[in-house]
Amino acid sequence: MTISTSPQSISIKQFFDRDSCTYTYLIVDPQTHEGAIIDGVKEQLTRDLKYIEELGIELLYAIETHVHADHISSAGLIRQKTGAQIVYSQASGVKSIDIELCDGDILPLGQYQIKAISTQGHTCGCMSYYIGGRVFTGDTLLIRGCGRTDFQLGSSKSLYYSVTEKLFSLPDETVVYPGHDYNGNTCSTIVEEKQWNPRLGKQKSLRDFIDIMDNLNLALPKKINEAVPANEGCGIKFKPDAYVHDDFSITELYQVWQQQNPDNLIIDNRTEGEYLQGHIPNSQNIPLGTEPEHLEAFKSFKHIYIYCHSGRRSQTALTNLVMMGLENITCVSHSGFDDWIVRGYPVEK
Ligand SMILES: [Fe+2]
């Protein structure tokens, strides 16, 4: 088999979802008509299926760069409609997928090869895909930016090395196709990003990068509590009763606490210092970011409830637990321990 690496000969279509600013890609070998869709959006399923049919594409793969937090993937529905195989990184933790890729694995597509490049950091399971002089970077490397690292077990340090040691070692002329753009840009190149990316370019140090990422102060994505659990089931296996999240109030948590059910675990995910000053009786202190150390313990409970000070950290912890493959997780998302005190509920010190 001859492997073509010519960037001109593979066909790439780039589509945009206005609501989430997500780019979806259709890549096709023009000779064999075999193709793949990368990061399909559920709301755009009709559009994408129409192009697949009109262009006569034999869709082999529905490839995902990571478990998205801002939209629900169409991968499961694409598989149902076309027979395409769902592809994720092995580290994504997604259930019911067809092909799990590790760093360096190859997917054949007609006369081409798609090379998987593990680029963890935005989430713990991010994968970039290189084919014919192009790289699809998901949210790892954006045009003059990068994905955030503050939920889904993200890590600024991992993202820094994924970009500077892996993506920036690709040929300079490699075309970069990102998972999102919020400014109307469509693609970039590795050499451009090495020079002009304000977070990672010009050989920025790890320390400088972490400082930038620690001070982004971004709001959580609107759909995060819906999208992350749904995407853990390829976008179609979402069971609303398995993940209670929005609008769960401190009063409802109090009702759960009153039951004293040994199958329930109530997690306080504030810092140890905050916890020691007062917490819900019998809650366990699992500070945000330390969840993976407690995976085995978590599995012995049927339902996990999370609270923090205001609801922000508990929502982030929920995404971390979902990424660890856990179900039945509820977080108090719009209030927290202050509200518990105001209502006069019991406090343990
Ligand atoms: Fe993302």
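Residues numbered from 1 in each chain as written. Predicted model: local features only at pLDDT ≥ 70, side-chain atom pairs only at ≥ 80, totals over all residues.

A. Looking closely at the nonpolar core. Residues Ala36, Ala62, Tyr129 and Ile306 are the most contacted members of the largest nonpolar core, which totals 87 residues. Counting the residues that make up this core, at least three belong to each of domain 1 (11-214) and domain 2 (239-342). Not counting the four nearest positions on each side in its chain, Ile306 is found in contact with Ile267, Asn269, Ser314, Ala317, Leu318, Ile329 and Cys331. (Core = buried A, V, L, I, M, F, W, Y, C linked by C-beta atoms within 7 Å. Buried ≥ 20, exposed ≤ 12 C-beta atoms within 10 Å, placed from the backbone. Domains from an automatic or database assignment. Contact = placed C-beta atoms within 7 Å.)

B. Local environment of the confidence of the model for the protein chain. Looking at the protein chain as a whole, its pLDDT mean stands at 92, while 95% of the residues score no less than 70. Across residues 1-8 the pLDDT falls below 50, and counting only partners more than four positions away or on other chains, this stretch makes 15 contacts in the model. (pLDDT = per-residue confidence, 0-100.)

C. Structural view of the packing of helix H3 (residues 156-166) against helix H5 (residues 206-214). Put simply, H3 and H5 touch, their axes get as near as 10 Å, and they point 125° apart. Relative to H5, H3 is oriented oblique. Considering how the two elements wind past one another, H3 and H5 form a crossing that is right-handed. Touching Ser156, Lys157 and Tyr160 of H3 are Leu206, Phe209, Ile210 and Met213, all from H5. Tallied by class, residues from the contact of H3 with H5 come to 5 nonpolar, 1 polar and 1 charged. (Axes fitted to C-alpha atoms, helices over the stretch in contact; angles between N-to-C directions. Helix = DSSP H or I, 4+ residues; strand = E, 2+ residues; numbered from the N terminus. Parallel < 35°, antiparallel > 145°, perpendicular 65-115°, else oblique. Left-handed = near helix turned anticlockwise from the far one by under 90°. Nonpolar A, V, L, I, M, F, W, Y, C, P; charged D, E, K, R; others polar.)

D. Fine view of helix H7 (residues 250-259). When H7 is considered as a whole, its buried residues turn out to be Ile250, Leu253 and Trp257. Summarising the axial view, the buried residues of H7 lie within an arc of 50°, below the 170-degree limit, and thus occupy one face. Exposed side chains of H7 directed beyond 90 degrees from the buried face belong to Gln255, Gln258 and Gln259. Buried-residue contacts for H7 involve strand S15 (264-268), strand S17 (303-307) and helix H11 (337-342). (Arc of directions from axis to C-beta.)

E. Region of the structure containing the pairing of strand S7 (residues 106-109). Two strands pair when backbone bridges link them, and S7 and strand S8 (residues 112-118) are joined in this way by 4 bridges, in the antiparallel orientation. Bridge pairing in S8 places Ile106 opposite Lys115. Here S7 folds back onto S8 in antiparallel fashion, the turn holding 2 residues, of which Gly110 has a positive phi close to 55°. (Pairing = 2+ DSSP bridges.)

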